[in-house]
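Spelled out, the chains give:
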Amino acid sequence: MSVFRDDILAGKVAFVTGGGSGICKGITRAFMAHGADAVIVGRNAERLEAAAKELSDATGRQCLATPADVREPPRVEAALDAAIDRFGKVDIVVNGAAGNFLCPAATMSYNAFRTVLEIDTIGTWNVTRAAFERSLRANGGLVLNISATLHYAATPLQAHASAAKAAIDSLTKSCALEWGSLGIRVNAIAPGPIDDTEGMAKLAPPDMKEALEKAVPLRRFGTVEDIANAALFLASDAASYVTGEIFVVDGGAWLPGFGAALAQ
Ligand code: HXC
Ligand code: NAP
């Protein structure tokens, strides 16, 4: 049962990269359950189609799957064109597509570092830029970037992802500054450790879970719903005066240096 009224996003269209799985599928589900139609983006067309069907069946709203690699501007533009063809506009852009793995800086290849920056940071820019041109500039809206807290102190084995998310935070503020007068809000959510996600599966082995949860001030990992609720708030009129904000949703995890615990 949601704490939000179920029509707070009625008439809105959300374009969500990474919407075929994990946290961003949860965000898409929440947006649709509160009245929005959605377009989801990822590389794996089969998984994306299955997610779109599941989300439509669960919420009764429309969900269009547009397979694309966010590193390729022509594919990104084609996905946005398909969104505009179907729905006429895009009100909310969620940049959640990301790639990650644990790797010491000492052995990380040129291409490994570049790959993560290209997916996370440049992918975020590609989608934001194309959505700005096609809908946001004329109609206003919200860009919601999915960041992390890895770079607040420093996280071992995460030089690539930390650099990528730090740049996303910076981009969030730059676009908020330049586009506020156009009625475009630009915010980010920085999740902490979120249970049952690919991100945590990659970063923390299951046998470390209990110890890691003890390192979180609120003594638990977050849920996909915790992040979806934050996204709903930021997408709602209740946040109409919030822009350039990096909204940390992490149970306080980064405060004692959770990143260091991850690498033990
Ligand atoms: C070292 C690695 C590596 C690893 C890949 N590479 N995995 N290096 N350790 N474990 C290197 C490769 O050797 C290659 O470099 C380069 O990275 C590109 O690899 P590809 O496999 O060709 O890349 P690609 O097919 O584009 O796949 C991207 C990917 C992959 C990031 C490597 O894992 C992916 O698609 N991930 C998407 C899903 C995902 O990661 N979700 C988690 C997001 S969670 P060389 O030099 O050999 O060519 C997240 C959490 C943040 O972001 C914070 C949590 C707290
Ligand atoms: P996830 O399920 O693996 O989500 C990543 C999504 O991005 C997948 O749907 C993937 O789909 C898509 N993607 C990856 N590369 C892409 C590309 N080049 N082009 C288009 N789509 C691409 O992982 P998650 O854990 O839910 O993470 C979601 C977001 O939350 C990410 O931004 C992550 O950095 C952030 N985050 C997660 C945590 C956590 O605890 N899990 C913590 C902090 C931040 P395809 O493979 O089909 O392309």
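Let me begin by describing the structure that accompanies this report. All figures in this text were calculated on a predicted structure; none of them were measured in a lab.

## Things to note about the packing of helix α4 (residues 110-139) against helix α5 (residues 159-179)
Inference 1: Viewed as axis vectors pointing N to C, α4 and α5 meet at an angle of 20°, and their least axial separation amounts to 7 Å. Here α4 lies roughly parallel to α5, going by the angle between them. When the axes of α4 and α5 are compared, the crossing they make is right-handed. Two secondary-structure elements touch here, α4 through F113, V116, L117, D120, T121, T124, W125, T128 and F132 and α5 through A159, H160, A161, A163, A164, K165, A167, I168, L171, C175 and W179.
Inference 2: Taken together, the residues of the contact of α4 with α5 break down into 14 nonpolar, four polar and two charged.

## What about the packing of aromatic side chains?
When we look at a pair of aromatic rings, we describe it by the centre distance and by the angle of the planes.
Inference 1: Taken as a whole, this structure holds three aromatic pairs when the rule is applied.
Inference 2: Residues Y152 and W254 carry aromatic rings whose centres are separated by 4.9 Å and whose planes lie at 85° to one another, so their mutual orientation is edge-to-face. Of this pair, Y152 sits in the loop between β5 (141-146) and α5 while W254 sits in the loop between β7 (246-249) and α9 (258-262); the two residues are 102 residues apart in sequence, bridging distant segments of the chain.
Inference 3: Of the residues examined, Y152 reaches a relative accessible area of 27% and is grouped as partly exposed.
Inference 4: Taken together, a centroid distance of 6.2 Å and an interplanar angle of 80° make the contact between F233 and F247 edge-to-face. Note that F233 is positioned in helix α8 (residues 224-235) and F247 in strand β7, a separation of 14 residues in sequence.

## Details of the packing of helix α1 (residues 22-33) against α8
Inference 1: Where α1 meets α8, the axes come as close as 8 Å, and the angle between the chain directions of the two elements is 50°. Considering their axes alone, α1 and α8 lie oblique with respect to each other. Crossing angle aside, the handedness with which α1 passes α8 is right-handed. Contact residues: α1 offers G22, I23, G26, I27, A30 and F31, while α8 offers V224, I227, A228, A231, L232 and A235.
Inference 2: Partitioning the contact of α1 with α8 into residue classes produces ten nonpolar, two polar and no charged.

## A word on the pattern of salt bridges
Inference 1: Under the defined criterion, the tally for this structure stands at 14 salt bridges.
Inference 2: A salt bridge links E133 to R129, with the nearest nitrogen and oxygen atoms 2.6 Å apart. Here R129 and E133 lie together in helix α4, a separation of four residues that amounts to about one turn.
Inference 3: Here E133 falls in the partly exposed class, since its relative accessible area comes to 39%.
Inference 4: By relative accessible area, R129 is classed as partly exposed at 37%.
Inference 5: In this structure, the salt-bridge partner of E133 is R137, at a minimum N-O distance of 2.7 Å. Here R137 and E133 lie together in helix α4, a separation of four residues that amounts to about one turn.
Inference 6: On the basis of relative accessibility, which here comes to 42%, the residue R137 falls in the partly exposed class.
Inference 7: Residues joined by salt bridges that share partners form a network here, namely K25, R29 and E54.

## Focus: the site of ligand 2
Inference 1: Near ligand 2, the surroundings consist of 28 residues, among which S21, R43, D69, G96 and T197 are the closest.
Inference 2: One of the side-chain nitrogen or oxygen atoms of R43 is found 2.7 Å away from an oxygen atom of ligand 2.
Inference 3: G199 is positioned with one of its backbone polar atoms (N or O) 2.9 Å from an oxygen atom of ligand 2.
Inference 4: For ligand 2, the accessible surface in isolation is 860 Å², of which the surrounding protein chains cover 89%.
Inference 5: Looking at the shell around ligand 2, the elements with two or more residues in it are α1 and α6 (198-203).
Inference 6: Tallied by class, residues from the shell around ligand 2 come to twelve nonpolar, ten polar and six charged.

## So, the pairing of strand β6 (residues 184-191)
Inference 1: Of all eight residues in β6, eight are buried, a share of seventy percent or more.
Inference 2: Burial of β6 is two-sided: the residues I184, V186, A188 and A190 facing one way and the residues R185, N187, I189 and P191 facing the other way are all buried.
Inference 3: What joins β5 to β6 is α5, and the crossover it makes is right-handed.
Inference 4: Relative to β7, β6 runs parallel, the two sharing four bridges. The residue bridging A188 from the neighbouring strand is I246, located in β7.

Thresholds, definitions, all that
Residues numbered from 1 in each chain as written. Chains lettered and ligands numbered in written order. Predicted model: local features only at pLDDT ≥ 70, side-chain atom pairs only at ≥ 80, totals over all residues. Heavy atoms only, no water. Axes fitted to C-alpha atoms, helices over the stretch in contact; angles between N-to-C directions. Helix = DSSP H or I, 4+ residues; strand = E, 2+ residues; numbered from the N terminus. Parallel < 35°, antiparallel > 145°, perpendicular 65-115°, else oblique. Left-handed = near helix turned anticlockwise from the far one by under 90°. Contact = heavy atoms within 4.5 Å. Nonpolar A, V, L, I, M, F, W, Y, C, P; charged D, E, K, R; others polar. Phe/Tyr/Trp six-rings, centres within 6.5 Å; stacked < 30°, edge-to-face > 60°. Buried < 20%, exposed > 50% of the residue type's maximum accessible area, 1.4 Å probe, protein only. Salt bridge = Lys/Arg side-chain N within 4 Å of Asp/Glu carboxyl O. Near = heavy atom within 4 Å. Polar contact = N/O pair within 3.5 Å; in protein donor to acceptor, adjacent residues only side chain to side chain. Areas by Shrake-Rupley, 256 points an atom, 1.4 Å probe, with all protein chains shown as cover. Right-handed = clockwise from strand over helix to strand, strands pointing away. Pairing = 2+ DSSP bridges.

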